[in-house]
Amino acid sequence: MSALLPLLASALLASAPGLQVPVRVTLVEPAATDSTAALMGPGVSRELARWRADRISDVRYDLALDLTARDSAAGTVTVQFTRTGSDDAILDFRGRRLGAVAVNGREATTRVEANGAHVRIPASLLRPGGNSVTLRFVANIAPAGASVIRYTDVADGSDYLYTLLVPADANQLFPSFDQPDLKARVVLRLTMPAAWSAVANGAAASTETSGGVTRVRFEETRPISSYLIAFAAGPWAKLDAVHEGRAMSLYVRHSRAAEVDADTLFALNGRALDWMEDYFDSPYPFGKYDFVLAPAFPFGGMEHPGAVFYNEDRFIFRERPTLPQRIGRAATIYHEVAHMWFGDLVTMRWFDDLWLKEGFATYMAGKTQAALDPATDPWKSFWLRNKPLAYGVDASEGTTPVWQDLANLDQAKSNYGAIVYNKAPGILKQLDRLVGEDAFRRGVRTFLRTHAYGNASWQELLATIGAASGQSLEPWGEQYILRAGLPTIEPALTVSPNGSRLLLVQRPAREAVSTGGAWPVRLDVAIGRADGSVTTIPATLEGAATTIPLPAGVEPAFVFANAGDHAYALVYLDERSRRWLVDGGLARVQDGFLRAMLWGALWDEVRAARLSPEQYIAVVLRDLPREED
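Keep in mind that this is a model prediction, so the values were computed, not measured.

A. Looking closely at the environment of Pro 549. Structurally, the position occupied by Pro 549 is in strand 27 (residues 545-549). Residue Pro 549 is classed as exposed on the basis of its relative accessible area, which comes to 61%. C-alpha separation for the pair Pro 549 and Ser 500, spaced 49 residues apart in sequence, amounts to 6.4 Å. When neighbours within four sequence positions are excluded, Pro 549 is seen to be in contact with Ser 500, Arg 501 and Ile 537.

Written out as structure tokens, the structure reads:
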């Protein structure tokens, strides 16, 4: 906190622990310019976000919360920021109640407008350059629907609290500039029952217990977006470990602490951090690394810097876990660790680029698993988890582009789904194949280095990867990011003693959508022999039809134009290949990953009415019992 903070603001902040915030003050609505008044509508509009990003910078929050009441948190926040121009300042707040407001050390409650969505500080109270606004408030604590979730353990009656502010619920907790491109340094202070402990983004700087309460002050964070601010508080069991010199702590409720496979969880998180530091050529960017097994957590995990939250039920197994359960748990950890760089260190400017963090985290989880756990057949797991879901949605009339226009952050939750979480990592795998692993990695490193602790867009990502590969990726972005839907690839195989060839014809999966031309595709063609062995050859599709000469002297038993799952496309089978697989060849295919994809291709043939359900069922009854994984 700045030594120049005015005395009144300091006094308000010092009284925050245990403060009694008055009943909501009636705030007088001052006259305002029409342009400013138009920004005060519900949610956080794109217009408001852009307007603020041009005028507000160097944001800091000093946030104090009293957690001793069961259904509410009383708090004070001092917001420091640099102001450019002469306009009002608008913060976001839709918590339970707003109390006293001080601006630059002067009481300003009756001159401030609050409408249940925003708090407007009139320009007359502000000055050029640095400003501070101190606000007292009350936020809800509830089992659901609040920014602070309360979970009551039926085993012992203990209460546990944790925050969930994504995508735009920080303003439900405290007055803030709740948009991803106004990153802030955050100091958090918590007052809580004496028996509790807490974890937050920053390391604990001081802890004192007296009068039946514990007060914790956490160190100031590096710049983070408001939706990433987090804490968990309660009578947690805390487990500590050091992995390869890196100290980590795990927090779990006491009633389940004995069930935790802590050594495995520490190792998975630690190995992922080590590998990604090397891949990104960037040290872990947020100092300490702790994680919480949060009960009743609604997602698999949440990537808060320094305090990752994982879903307790997906991480603590009551019975011996199956291989898919263990692979899924590892994939979740790798996904959240990848977010430390993609999402946290570099954040999308606006939630229309949600895919930029989520798709990248899922794809990097696949690369991490391939490097650290190759025996688990990681790319087969990646295909199973992502491609069927993505193709099912993307071939439908209701699909959307990967980049989804978003006028207001109130709509951000509707952007979550298969296109962001499952298609996006699929197209990133195609991009990696298109430019080559070395160029992809160099481009990603440049992107992270250039935008560290800041924000960026998908265009900037493609520009850096394109520069590393020596090619423009704008056409690729237009087809894969801005265009809805996906291509189908229809093969026609001609077998001849003088040289066989494969014709690949590309069409949109939805015939009604014929505009946009052909997608650029780089893929591997599997050429299968009668004994089930396979040779692969690379191919690039740049138009509606591409002819691929096959190696001389090879008479294919079958071909499949997406070996290794590099293409994002529905790839069908030619008649010869389909017949060979149905007639008993499928069980002879030696490569387990390819065989799994061929099972999927046969199902796609049924859906396309090119293979009868009776034939497919016969194959299932004959061959599926032989599959072991």
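That covers the picture; the talk isn't over yet.
B. Expanded view of the packing of aromatic side chains. Inspection of every chain in the model, using the stated rule, returns 34 aromatic pairs. Ring plane angle 65 degrees and centroid distance 5.8 Å describe the contact between Phe 291 and Tyr 310, whose orientation is recorded as edge-to-face. You can see Phe 291 sitting in strand 18 (residues 289-294) and its partner Tyr 310 sitting in strand 20 (residues 307-311), a full 19 residues away along the chain. Accessibility assignment for this pair places Phe 291 and Tyr 310 in one class, buried.

C. Fine view of unusual backbone geometry. The peptide bond linking Val 166 to Pro 167 adopts the cis configuration, its omega dihedral lying at 0 degrees. Even without being glycine, Asp 377 reaches a positive phi, approximately 55 degrees. With respect to the helices, strands and loops of the structure, Asp 377 is situated in the loop between helix 8 (354-372) and helix 9 (378-394). Residue Asp 377 is classed as partly exposed on the basis of its relative accessible area of 29%. A positive phi is found at Ala 609, a non-glycine position, where the angle reads about 60 degrees. Assignment of secondary structure puts Ala 609 in the loop between helix 15 (592-607) and helix 16 (613-623). Using a relative accessible area of 69% as the deciding quantity, one classes Ala 609 as exposed.

D. Geometry of the sheet that holds strand 3 (residues 89-92). Ordered in space as 3-7-6, the three strands form an open sheet in which the pairing is antiparallel. Of all the strands in the sheet, the pair left with one neighbour each is strand 3 and strand 6 (113-114). Relative to strand 7 (residues 118-121), strand 3 runs antiparallel, the two being bridged by four bridges. Considered in strand 7, the bridge of Leu 91 is made with Val 119. Where helix 3 (residues 46-53) meets the sheet, it contacts strand 3 and strand 7, and its direction lies at approximately 130 degrees from that of strand 3.

E. Representation of the environment of Pro 497 within the structure. Looking at where Pro 497 falls in the secondary structure, it is placed in the loop between strand 23 (487-494) and strand 24 (501-508). Along the backbone, Pro 497 and Ala 552 are 55 residues apart, and their C-alpha atoms lie at a distance of 8.5 Å.

F. The arrangement of the environment of Gln 411 in detail. Along the polypeptide, Gln 411 turns up in the loop between helix 9 and helix 10 (418-435). On the basis of relative accessibility, which here comes to 37%, the residue Gln 411 falls in the partly exposed class. In the structure, Gln 411 is positioned 244 residues away from Pro 167 in sequence and 9.5 Å away in space, judged by C-alpha atoms.

G. Quick peek at the sheet that holds strand 26 (residues 534-541). Taken together, three strands build an open sheet; the order of strands is 26-25-28 and the sheet is antiparallel. The two strands at the open ends of the sheet, each matched to only one other strand, are strand 26 and strand 28 (558-560). Averaged over all adjacent pairs, the angle separating strand axes in this sheet is 25 degrees, with direction ignored. The strands touched by helix 15 within the sheet are strand 25 (521-528), strand 26 and strand 28, with strand 28 carrying the most contacts at an inclination of about 90 degrees.

H. Structural context of the pattern of salt bridges. For the structure shown, the criterion picks out 41 salt bridges. Close ionic contact of Arg 246 with Glu 277 constitutes a salt bridge, the shortest N to O distance being 3.0 Å. With Arg 246 in strand 17 (residues 246-253) and Glu 277 in helix 5 (residues 262-280), this residue pair connects regions lying 31 residues apart in the sequence. Exposure remark for Arg 246: the relative accessible area of 15% places this residue in the buried category. Across the salt bridge formed by Asp 623 and Arg 622, the nearest N and O atoms sit 2.8 Å from each other. Under the relative-accessibility criterion, Arg 622 is labelled partly exposed at 31%. Through salt bridges with shared partners, one network takes in Asp 153, Arg 253, Arg 256, Glu 259, Glu 312, Asp 313 and Arg 318.

I. Highlighting the nonpolar core. Ranked by internal contacts, the top residues of the largest apolar core, which has 199 residues, are Tyr 61, Leu 65, Leu 67, Ile 121, Tyr 289, Trp 341 and Leu 431. Apart from residues lying up to four places away in sequence, Leu 67 is in contact with Ala 73, Ile 141, Leu 161, Leu 190, Thr 191, Met 192, Pro 193, Trp 196, Phe 231 and Ala 233.

J. Representation of the packing of helix 8 against helix 9 within the structure. Where helix 8 meets helix 9, the axes come as close as 8 Å, and the angle between the chain directions of the two elements is 155 degrees. One element, helix 8, and the other, helix 9, form an angle in the roughly antiparallel class. Residues Thr 362, Tyr 363, Gly 366, Lys 367, Gln 369 and Ala 370 of helix 8 form the contact with helix 9, whose participating residues are Pro 378, Trp 379, Phe 382, Arg 385 and Asn 386.

K. Main features of the pairing of strand 8 (residues 129-142). Burial runs high along strand 8: 11 of the 14 residues are buried. Both strand 2 (residues 72-83) and strand 8 contribute to a ladder of 12 bridges, which runs antiparallel. Following the sheet pairing, Thr 82 is matched in strand 8 by Gly 130. With five bridges joining them, strand 4 (residues 97-103) and strand 8 adopt antiparallel strand pairing. Across the sheet, the residue bridging to Leu 98 is Phe 137, located in strand 8. Examined bridge by bridge, strand 8 and strand 9 (residues 148-152) share two bridges and lie parallel to one another. Counted as the bridge partner of Ala 142 is Ile 149 from strand 9.

L. Region of interest: helix 10. Its 18 residues give helix 10 an end-to-end C-alpha distance of 25 Å, which sits within 8% of 26 Å, the value for a rise of 1.5 Å per residue. The largest bend in helix 10 comes to about 30 degrees, at Ala 424, with the proline Pro 425 one to four residues further on. Counting buried residues in helix 10 gives 16 out of 18 residues, a clear majority hidden from the surface. Looking one or two places after helix 10, you find Gly 436, whose phi comes out positive at around 100 degrees.

M. Structural detail: helix 8. An ideal rise of 1.5 Å per residue puts 27 Å on 19 residues; helix 8 measures up with 27 Å between its terminal C-alpha atoms. The buried count for helix 8 comes to 17 of 19 residues, which makes it a mostly enclosed element.

N. Expanded view of the packing of helix 9 against helix 15. With their axes 9 Å apart at the nearest point, helix 9 and helix 15 run at an angle of 15 degrees to one another. As the angle between them shows, helix 9 and helix 15 are arranged roughly parallel. Judged by the twist between their axes, the crossing of helix 9 over helix 15 is left-handed. Across the interface between the two elements, Trp 379, Lys 380 and Trp 383 of helix 9 pack against Gly 592, Phe 593, Ala 596, Met 597 and Gly 600 of helix 15.

Cut-offs applied
Residues numbered from 1 in each chain as written. Predicted model: local features only at pLDDT ≥ 70, side-chain atom pairs only at ≥ 80, totals over all residues. Heavy atoms only, no water. Helix = DSSP H or I, 4+ residues; strand = E, 2+ residues; numbered from the N terminus. Buried < 20%, exposed > 50% of the residue type's maximum accessible area, 1.4 Å probe, protein only. Contact = heavy atoms within 4.5 Å. Phe/Tyr/Trp six-rings, centres within 6.5 Å; stacked < 30°, edge-to-face > 60°. Pairing = 2+ DSSP bridges. Axes fitted to C-alpha atoms, helices over the stretch in contact; angles between N-to-C directions. Salt bridge = Lys/Arg side-chain N within 4 Å of Asp/Glu carboxyl O. Core = buried A, V, L, I, M, F, W, Y, C linked by side-chain atoms within 4.5 Å. Parallel < 35°, antiparallel > 145°, perpendicular 65-115°, else oblique. Expected span 1.5 Å × (residues − 1). Bend = angle between axes of the 7 residues up to and from the residue. Left-handed = near helix turned anticlockwise from the far one by under 90°.

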